[in-house]
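# Survey of secondary and tertiary structure
Single-letter residue listing:
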Amino acid sequence: MALDSQSPSGPLAQKWDKHRFDLKLVNPANKRKFDVIVVGSGLAGASAAATLGELGYKVKCFCYQDSPRRAHSIAAQGGINAGKNYQNDGDSVYRLFYDTLKGGDFRARESNVYRLAQVSVNIIDQCVAQGVPFAREYGGLLANRSFGGAQVSRTFYARGQTGQQLLLGAYQALARQIGAGSVKMYPRTEMLDVVVVNGHAKGIVVRDLVSGEVSSHAADAVVLATGGYGNAFFLSTNAKGCNVTSIWRAYKKGAFMANPCYTQIHPTCIPVSGEHQSKLTLMSESLRNDGRVWVPKKKEDCGKAPASIPEDARDYYLERKYPSFGNLAPRDISSRAAKEACDQGRGIGPGGLGVYLDFSDAIQRLGLETIKGRYGNLFDMYEKITGENAYELPMRIYPAVHYTMGGTWVDYNMMSTLPGLFVIGEANFSDHGANRLGASALMQGLADGYFVLPYTIGNYFATSKLGKPSASSAEFKQAEEAINSFTRRLLNTKGKRTPTSLHRELGKLLWEKCGMARNEAGLKAALKRIPELREEFWRTVNVAGEALEFNQALEYAGRVADFMEFGELMCLDALHRKESCGGHFREEYQTPEGEAQRDDDNFAYAAAWEYQGADKAPVLHKEPLVYEEVHMSTRSYK
Amino acid sequence: MNLTLKVWRQKNGQTPGHFETYPAKDVNEDMSFLEMLDVVNEELIASGKDPIAFDSDCREGICGACSLVINGVPHGGNRGTATCQLHMRHFKDGQTISIEPWRARAFPIIRDLVTNRSAFDRIIQSGGFISVNTGGTPDGNALPVAKEIADRSMDAAACIGCGACVAVCKNASAMLFVAAKVSHLNLLPQGHPEKNRRALAMVAQMDAEGFGACTVTGSCEAVCPKEISLNFIAKLNRDYGIAALKGH
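Residues numbered from 1 in each chain as written. Chains lettered and ligands numbered in written order. Predicted model: local features only at pLDDT ≥ 70, side-chain atom pairs only at ≥ 80, totals over all residues.

### Some details on the overall build of chain B
Of regular secondary structure, chain B possesses 8 helices and 7 strands. For chain B, the C-alpha atoms occupy an extent of roughly 60 × 35 × 35 Å along the three principal directions. Buried positions account for 53% of the 248 residues belonging to chain B. Once local pairs closer than 6 in sequence are excluded, the contacts in chain B between residues at least 24 apart make up 71%. (Helix = DSSP H or I, 4+ residues; strand = E, 2+ residues; numbered from the N terminus. Buried ≥ 20, exposed ≤ 12 C-beta atoms within 10 Å, placed from the backbone. Contact = placed C-beta atoms within 7 Å.)

Following this line, the structure appears as C-alpha cells:
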C-alpha cells in the first residue's frame, strides 16, 4: 500500500485555502444525520467535539477521567505560539513555519507545518473570545514571552498555567454543547477497541470504568485525540493515566503507526528522588528565559554548596556551546548537553544526575519581585516537591520524557490509513517531525481540533456515503467478546508480580536503551528483552479485583499490556533509523562535535509501520518528505 | 518513618463503608502522599487484598483529580497544596493518619476514596462559558483588557475543580467553585453580555444539585489548593443580586 499524504498541489501559502475549497461540504440540515465519536477530551478532543457539535453533527465524547476538564493538556505550563508579530520583532506565519520545521529537524511534512502556522493566529483570537485570561501589558494588549528554539517573542501565556486556561476554554465550549444536547459526554469510560465494518472505522468498544460493563457505540466516523505514549517509559511528565491503548489498538486494526522512536526528553524536570517515584514533574521551559544552566567545571566541585563555587569554576555549557541561542537552545539539544555533562561526571545532586538552573543573576538584575511575578508558582511547586527554596539555592533539574512526536500516521486531512478513523493532537505524528519546539503542542492540539478536523471530516462524510451499522451487529459483538476475553485473561493469571513492577521494569529498559541516546547494540538487546518481559507479564501479572466493578488495577494492567507490545515497535523504529535527528540520537551517527548527524539521502521519510499480526514483524512503509519551499539545512543553534 | 493509616473502605455506593487500619512502613520523606499510598497498595495486592481506590492523574497539582480528606482536612491542610503535592516530610514518625473521601450529598461515593463530582460539570454546562462558536472571532488585540482585570480574572480562573471547598464546608456548599467561574468570566469584557444570565443559571444549578447554602465561614478558602479568595463569593453575591433585581 502506497502512502498518499493528500497534500494539495500549488504554492505552499495557498495549499490550505485551495484544499478547503476543494473539500466537499455537508449541507447544514444533513449534519445532524452524522454521528461522530471523539475519544479524549484534551485540547484536541474537547475543541474538536465542541466545534463539531456547534456545526450540527451528533457527537459522543469519551474520556477515562471523571471529568473532561482533567485531561493532561491541563498541565502544560509555558504557553502557546502564534505568528501574530504583535511584538514587531520580525515574526510572521512563514517564520513560525520555518522555525517549527527546522526545530523538528526536517522530519515533518512541509504542508502540514505551514497550515499549523497559518491557523495559529486564529487560535489566539478564538481563545481570547472564549475568555482565556492571557497575560496582558498595562495598555491592555496581549503580552508575549520567548521560548526555546526561536529568536522572536511569539508565545502567549496565562501565568504558568497556559495549558489549564486553554483547556478550560475548550472544556467550557464543550460544556456549552453538552448543555445544548449536541454532544453527549461519557466520562470515566475507556475506549478499548476500534470496530471496522467494510474496511471503515465505524465505532468503538468501551468499558464503563464505574460498573465495569463493556459496550459498543457505532458512528459514521471515529476521532482519536488520546494524547501521547510517554508513559511507556514508566517515569515521564505525563499524567498517571496517559496511555497508548487507543492508538495501539487502532494500529492493530489497520492504522499505521509512524515514527514511534521520536520521543521528546524535556531538559528541565525535577530529578528523580528514589525508587518510589511515580512520575516526574516538569519545570516550564520559560524558566530558561531568566535562569542560567551550569555545572561545575571540575568533578571535584560537584559535592560542594553551589554558592561556594566561584564564577570561573562554573561551566555555563549551553551559553558556551550555543552562543546565539544560549539557555534557550531547543529541547533535544539542551537535554543531550545535560546528559553529556552528567556522563562526564560533572552532574550534581543525588547520583550525579542533575544540573543547576540558576536565577541569582536574574534576581540581581531584575529584583526578587519581578522573578516572583514571572515564575512564582513554579518556584512554589519546586519547593513543595524538593523542600528547597530556589530563590536562594539554584534549582536542580534533569531531563525527563515529556512528549511524543510519533503516533498514528495521518494524511493532510488527519485521516489514518484506516478510512473513517481520524487522529488529532499528540496522538498523531504529523507536525513536529523529530523534535517539538516549546509552546507548540498547545498550538497543534487546538489547530487540529478547532480549525482542521471540522473541515476535513465533512469531506469524508460527503464522499463516502456508507451509512453506519448497528452497534449490535456481528463486528461489534466480536470486538466486545475479544475485550471480555482479554480482561478474563488479565484477571485469571493471578501471578506474583504487580502491573506496576512490570511496567517499571519495561520503563527502565526503554529509558536506558531507547532514551536520550540510542545505539545498535542497546536497541538489539532491548528487542530481545521486551518479548521476554511481555511473556513474563502474561505469566506473572497479578491483577486484583473483578471485571464488573470499579477496578483501577484492571484498567492499569490493560494499559501496561499495550506498552509491553508498543515498546518493541519503538525500539524497532529506532534501530532501523540509522541517522540522528531531533529527539532520536543514535550514538553511531554524530558529528565530531557530538551534534546529531542527519542522513537526508537515506532517511528523509516518515516511517509508517503496518501491523501484520501477533509475533509477526510489522511492515515498514515510507512517506518521502519532499520540501518544495524550504531547503533542508543542517540545524545549527551556535 | 513508620505510620499507621486508618483508611475509609467502601465497596460501592450501595454498601456501607468502614475504616480499616494498615501499617505504612519505611516511608521515605521525599515521597508524595499518593506515592506512599501506591506503596501500601503494592503490599495489599501482594497479600491478596483489594488495593485502596483513589483518584489521581497529573500528580502535579493542576488536574484536580486527587481528593482525600487527610486527618479531617481536605488535601491535608498544607496551605495551597493539593494532595498529590503533599510530601511525607510534613508528617512525623509514628503518626496515625486518617484518610477519607470527600463527603457531600452532591458527591456520591463510587468506591473507597473515589467520589462522583459530575455535579460540577453540570454547573459549568448551565452557564460557565462564553457563548462563542469556533471561527469568526475578532483579532485578539481588538479588545484591550486592563492588566489588573486580566490578573484578577486569572486569580479566579486558577480553580482546579477538585471540590475541596465543598468537602470542608459544614453545609457542603459549592459557592467558592461557582464564584470562581462566575468571576473569571464576568470580570472580563468578553463575559459581560451574559453576565446576569450566567450568575442566575449557575446558582440555580448549584442548588438543584443539592449543594448547601453559604454562611461565609471561609473554610473553603483555607483549604483551596489554589487559594481562591473568599472575595469572589462577595462578587458572586453582587452579580447575582444585580441579575435578580434586573429580573433576567
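### Notes on the overall build of chain A
Along its length, chain A carries 17 helices and 20 strands. Since a compact globule built from 638 residues should have a radius of gyration of about 26 Å, the 24 Å found for chain A is in line with a globular shape. Counting contacts in chain A only where the partners sit at least 6 residues apart, residues at least 24 apart contribute 74% of the total. (Rg over C-alpha atoms; globule rule 2.2 N^0.38 Å.)

### Looking at the sheet that holds strand β15 (residues 355-358) of chain A
Residues and elements named next belong to chain A. Strand order in the open sheet made by the 5 strands is β12-β16-β15-β13-β14, with antiparallel pairing throughout. Looking along the sheet, the strands with just one partner apiece sit at the ends: β12 (263-269) and β14 (314-315). Both β12 and strand β16 (residues 395-404) contribute to a ladder of 5 bridges, which runs antiparallel. Residue pairing for β16: T263 is matched across the bridge by T404. (Pairing = 2+ DSSP bridges.)

### With respect to the interface of chain B and chain A
Taken together, the contacts link 65 residues of chain B with 63 residues of chain A. Counting only elements with at least two residues in the side of chain B that touches chain A, the list comes to α1 (33-46), β6 (109-111), α2 (118-127), α3 (147-157) and α5 (175-187) of chain B. Class assignment of the residues belonging to the side of chain B that touches chain A gives a composition of 27 nonpolar, 23 polar and 15 charged. (Nonpolar A, V, L, I, M, F, W, Y, C, P; charged D, E, K, R; others polar.)

### Regarding the environment of T81 of chain B
Assignment of secondary structure puts T81 of chain B in the loop between β4 (73-74) and β5 (96-100). Residue T81 of chain B is classed as buried on the basis of its C-beta count, with 22 C-beta atoms lying within 10 Å. Placed 100 residues apart in sequence, T81 of chain B and K181 of chain B show a C-alpha to C-alpha distance of 20 Å. Look past the residues within four positions of T81 of chain B in its chain and what remains in contact with it is K384 of chain A together with H75, L86 and P225 of chain B.

### Regarding helix α4 (residues 93-103) of chain A
Residue and element names in this part refer to chain A. The element α4 is extensively covered by neighbouring structure, given that 8 of its 11 residues are classed as buried. Restricting attention to buried positions, one finds in α4 the residues V93, L96, F97, D99, T100, L101, K102 and G103. At its buried positions, α4 is contacted by β3 (80-81), α5 (110-130) and β5 (153-156). Two residues or fewer after α4 comes D105, characterised by a positive phi angle close to 55°.

### Here we look at the packing of helix α13 (residues 474-493) of chain A against helix α16 (residues 552-576) of chain A
All names here are of chain A. α16 packs onto α13 with a crossing angle of 105° between their chain directions and a minimal axis gap of 11 Å. In terms of orientation, α13 lies roughly perpendicular with respect to α16. Contact residues: α13 offers T487, L490 and L491, while α16 offers L554, A557 and G558. Split into classes, the residues belonging to the contact of α13 with α16 amount to 4 nonpolar, 2 polar and no charged. (Axes fitted to C-alpha atoms, helices over the stretch in contact; angles between N-to-C directions. Parallel < 35°, antiparallel > 145°, perpendicular 65-115°, else oblique.)

### Some points on the sheet that holds strand β11 (residues 257-258) of chain A
Residues and elements named next belong to chain A. Pairing is antiparallel in the open sheet, where 4 strands are placed in the order β17-β11-β19-β20. Two strands lie at the open edges of the sheet, namely β17 (407-408) and β20 (619-624), each paired on one side alone. The sheet strands contacting α16 are β11, β19 (605-610) and β20, and the helix crosses β19 at an angle near 140°.

### Things to note about unusual backbone geometry
Residues and elements named next belong to chain A. Its identity as a non-glycine residue notwithstanding, N198 has a phi of 50°, on the positive side. Assignment of secondary structure puts N198 in the loop between β7 (189-197) and β8 (200-208). A positive phi is found at N259, a non-glycine position, where the angle reads about 45°. Residue placement: N259 occurs in the loop between β11 and β12.

### Focus: the confidence of the model for chain B
Taken residue by residue, chain B gives an average pLDDT of 97. The fraction at 70 or more is 100%. Scored by ipTM, the complex comes to 0.98, with pTM at 0.97. (pLDDT = per-residue confidence, 0-100.)

### So, the packing of helix α3 (residues 43-55) of chain A against helix α12 (residues 441-463) of chain A
Residue and element names in this part refer to chain A. Close contact between α3 and α12 brings their axes to 8 Å; oriented N to C, the two are set at 20°. Relative to α12, the element α3 lies roughly parallel. As α3 packs across α12, the resulting crossing turns out to be right-handed. Taking contact as the criterion, the partners of L43, A44, G45, S47, A48, T51, L52 and L55 in α3 are, on α12, L442, G445, L446, D448, G449, Y450, L453 and P454. For the contact of α3 with α12, the class distribution of residues is 10 nonpolar, 5 polar and 1 charged. (Left-handed = near helix turned anticlockwise from the far one by under 90°.)

### A few points about the nonpolar core
Nonpolar side chains tend toward joint burial in soluble globular proteins. Core analysis: the largest hydrophobic core is formed by 287 residues, its most contacted members being V36, L174, V223 and L421 of chain A together with V178 of chain B. When residues in this core are grouped by element, the largest group, 14 residues, is from α16 of chain A. For L174 of chain A, the residues in contact, after removing those within four places along its chain, are S41, A46, A49, A50, C61, P68 and V183 of chain A. (Core = buried A, V, L, I, M, F, W, Y, C linked by C-beta atoms within 7 Å.)

### Things to note about helix α14 (residues 499-514) of chain A
Note that an α-helix has 3.6 residues per turn; residues three or four places apart therefore point the same way. Residues and elements named next belong to chain A. Compared with an ideal rise of 1.5 Å per residue, which puts 16 residues at 22 Å, α14 spans 21 Å between its outermost C-alpha atoms and is within 8% of the ideal. Those residues of α14 lying buried are P499, L502, H503, L506, G507, L509, L510, K513 and C514. Buried residues in α14, looked at end-on, bunch into an arc of 165°, giving them a common side. Structurally, α14 contributes buried residues whose contacts are with α15 (520-540) and α16. (Expected span 1.5 Å × (residues − 1). Arc of directions from axis to C-beta.)

### A few points about the pairing of β19 of chain A
Two elements, β11 of chain A and β19 of chain A, share 2 bridges in a ladder whose sense is antiparallel. Its bridge partner lying in β19 of chain A, M257 of chain A is registered against W609 of chain A.

### Looking at the environment of V38 of chain A
Among the structural elements, V38 of chain A can be located in strand β1 (residues 35-39). When the C-alpha positions of V38 of chain A and K524 of chain A are compared, they lie 38 Å apart, and in sequence the two are 486 residues distant.

### Some words on the environment of V196 of chain A
Residue and element names in this part refer to chain A. Inspection of the secondary structure puts V196 in strand β7. V196 gets classed as buried once you count the C-beta atoms within 10 Å, which come to 21. In sequence terms V196 and G169 are 27 residues apart; their C-alpha atoms lie 33 Å from each other. Ignoring any residue separated from it by four or fewer positions in sequence, one finds V196 in contact with A201, K202, K253, G254, L418 and E475.

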